[in-house]
Amino acid sequence: MSLAQPPTRWPAPRPLSPVLPVVAVVALLALPVAPGGEGGAGPADVLSALVVVFCGVRLLRQRRRPLTRTAAVVLGLPVVGLALASAGAASTGAGLTGLGRYLQIFVLVPAAVALLIRDRHDFRLLAWSFVGLAVWQGAVGVHQYVTATGASYQGRPIRAVGTFGPQDIMGMATVVSLGLVCAVGLALGRACAVRQRVCALACALGLLLPLALSFSRGAWIATAVTCVAQLVLAGLRRALWVGAVVVSAGVVLVGGFGVGTAMLQERIASITQVTDAPDQSVTDRYTLWAAAVGMWHERPLTGVGLKGFPEYRDTHASLALSAGSDTEGAGAAFRKQPLLSPHNMYLLVLSEQGVIGLSALVGSWCALLVCALRGLWRVRAGWTRGTGRSRGPDLDCASVACGLLVWQLTDFLYADIGGPSAVLTAVCFGLAAWWALAGSPAEGAPAGDRPGTAAGSRPEEAPAR
């Protein structure tokens, strides 16, 4: 009888994830923006373009069909309105610039992200990169408030803007909000270890403070709506427990900040002051909204063309509109920043692309949301028809994807695309697209037949080749 032990067979190391270039795009947003920058493509935008090229080369080498028919229709639907609006632009240069920006944010980068995510491990890695970026930007923002080195707010340099500076006043608020949404989704899951879920919950609670110090009303509203939706969709009992913890933490974090509390209360109260005593920023916002509606009335089907809002603004805006918003602080000198958009994504698209463009773009978003919610519902049900297999461990992916979509669609009521942080919008739609079109459990379909499997996004349950 031989006593020799069989040789130990170590498991093959997991190959490097193709989603790492997307993580690098997120990481580049941690770099400081040059004070007084005039916008344009930043490092993250350039790398996102390289990610699209990398994805295309990877698909050619693997000789696989890039997208299913459903995914191609959903992700490619905005191209219809964009093509018409670019043809009707005031100049060829403006049309091409606008077309490239919209394709980057809503078509090309989301499709590349969805194709580069292989499984739920890659999805969670990308979600944690959002949390890490949010923690970094939030820490910088809190330091700006404490040391009075932030952007100017009511004459005091205390507004937390992170590394984005006053020229992108919504940048840090967007990053922190998205990181908080991802952290809440990861904390609600069951696939990760308890230690990781506790870490995610701690990050979510800690991000409440820099979000408050951003003084961004739109980000507050979108984050509150999204977190409530995530908690309710995860289960009513868990929603009540986590909600109590969040409210208690918010009281503890904000309650001891003295003048900060008074400013926050005033800022919150200003949300409802539309007709009584609105501040100038609220007046400007509603004046710009009225101007966008006026442009749509002028050209209801195709709009005034891409990048046409600044040119037609003064024709349709009332005298209540100010010359621009005052920005200074956080290392930048005082400047008057012109108001070149209505600060409402839906009205911006309606004014520049008309009903056709808005229907195509919003139709694509709604299709993603419906598909993502269907996947979340199957996860909550805990079974897949025909297999009886539990899908509970996917709750974190479902919560993150649906949360990011809900946040974006709510925030678009108060903001539009612009600035270095806009590339995060593209990554968000890519994450949501993977879950909605490839990662969510397909009803009654085996693993190999689920949408997106042909593109290399093999579900975790599929056996390794």
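Preceding this section is the structure that the text describes.
Summary of the structure given here. Every value quoted in this text rests on a predicted model; they were computed, and no experiment measured them.

What follows concerns empty space enclosed by the protein. Applying the stated rule across the entire model yields 4 cavities of 30 Å³ or more. Its boundaries defined by the atoms lining it, the second largest cavity holds a volume of some 40 Å³. As for the second largest cavity, its lining consists of Leu 75, Phe 106, Pro 110, Ser 364, Trp 365, Leu 368 and Phe 429. Breaking the lining of the second largest cavity down by element, the ones donating at least two residues are helix H5 (92-116) and helix H15 (345-381). It is H15 that contributes the most residues to the lining of the second largest cavity, 3 residues altogether. Here the residues of the lining of the second largest cavity are counted per class, giving 6 nonpolar, 1 polar and no charged.

Considering the arrangement of structural elements, one finds Ser 341 in the loop between strand S4 (332-337) and H15. Take Ser 341: its relative accessible area is 13%, and that puts it in the buried class. Here the side chain of Ser 341 touches Asp 416 through a polar contact of 2.9 Å, side chain to side chain. Setting aside chain neighbours within four positions, we find Ser 341 in contact with Leu 288, Phe 309 and Asp 416.

Taken as a whole, this structure holds 11 aromatic pairs when the rule is applied. Between the aromatic rings of Phe 106 and Phe 412, the centroid separation amounts to 6.4 Å while the plane-to-plane angle is 75°, which identifies the pairing as edge-to-face. One end of the pair, Phe 106, is in helix H5; the other, Phe 412, is in the loop between helix H16 (395-411) and helix H17 (422-439), with 306 residues separating them in the sequence. Of the two residues examined, Phe 106 and Phe 412, each falls in the buried class. Here Trp 365 and Phe 429 contribute two aromatic rings whose centre-to-centre distance is 5.8 Å and whose plane-to-plane angle is 20°, an arrangement assigned as stacked. You can see Trp 365 sitting in helix H15 and its partner Phe 429 sitting in helix H17, a full 64 residues away along the chain.

For the structure shown, the criterion picks out 4 salt bridges. Measuring nitrogen to oxygen at the nearest pair gives 2.6 Å for the salt bridge that ties Arg 124 to Asp 396. A residue pair is termed long-range when its members are at least 10 positions apart, and Arg 124 in helix H6 (residues 120-147) and Asp 396 in helix H16 qualify at 272 residues. When its relative accessible area of 0% is taken as the criterion, Asp 396 is described as buried.

Formed by 118 residues in total, the largest nonpolar core has its most connected members in Phe 106, Leu 126 and Phe 130. The greatest single-element share of this core, amounting to 15 residues, is contributed by H17. Among all residues touching Phe 130, those that are not within four sequence positions of it are Val 26, Leu 178, Gly 179, Cys 182, Leu 424, Val 427, Cys 428 and Leu 431.

Next up on the list: unusual backbone geometry. Unusually for a residue other than glycine, Phe 215 sits at a positive phi of about 55°. Checked against the element boundaries, Phe 215 lands in the loop between helix H9 (208-213) and helix H10 (217-234). Residue Phe 215 is classed as buried on the basis of its relative accessible area, which comes to 0%. At Lys 307, a position not held by glycine, the phi torsion is positive, near 65°. Relative to the helices and strands, Lys 307 is located in the loop between helix H13 (280-298) and helix H14 (309-316).

Turning our attention to the packing of H10 against H16. Helix-helix packing is characterised by the crossing angle of the two axes and by the distance between the axes. Closest axis-to-axis distance for the H10/H16 pair is 9 Å, and the angle between their directions is 145°. In this structure, H10 meets H16 at a crossing whose hand is right-handed. From H10, Gly 218, Ala 219, Ala 222, Thr 223, Val 225, Thr 226 and Gln 230 reach across to H16, where they touch Ser 399, Val 400, Gly 403, Val 406, Trp 407, Thr 410 and Asp 411.

About the cut-offs
- Residues numbered from 1 in each chain as written.
- Predicted model: local features only at pLDDT ≥ 70, side-chain atom pairs only at ≥ 80, totals over all residues.
- Heavy atoms only, no water.
- 1 Å grid on protein atoms, 1.4 Å probe; cavity = no way out; pocket = protein on both sides within 12 Å on 5 of 7 lines; lining within 4 Å.
- Points joined across faces, edges and corners; volume = space filled by probe spheres on them.
- Helix = DSSP H or I, 4+ residues; strand = E, 2+ residues; numbered from the N terminus.
- Nonpolar A, V, L, I, M, F, W, Y, C, P; charged D, E, K, R; others polar.
- Buried < 20%, exposed > 50% of the residue type's maximum accessible area, 1.4 Å probe, protein only.
- Polar contact = N/O pair within 3.5 Å; in protein donor to acceptor, adjacent residues only side chain to side chain.
- Contact = heavy atoms within 4.5 Å.
- Phe/Tyr/Trp six-rings, centres within 6.5 Å; stacked < 30°, edge-to-face > 60°.
- Salt bridge = Lys/Arg side-chain N within 4 Å of Asp/Glu carboxyl O.
- Core = buried A, V, L, I, M, F, W, Y, C linked by side-chain atoms within 4.5 Å.
- Axes fitted to C-alpha atoms, helices over the stretch in contact; angles between N-to-C directions.
- Left-handed = near helix turned anticlockwise from the far one by under 90°.

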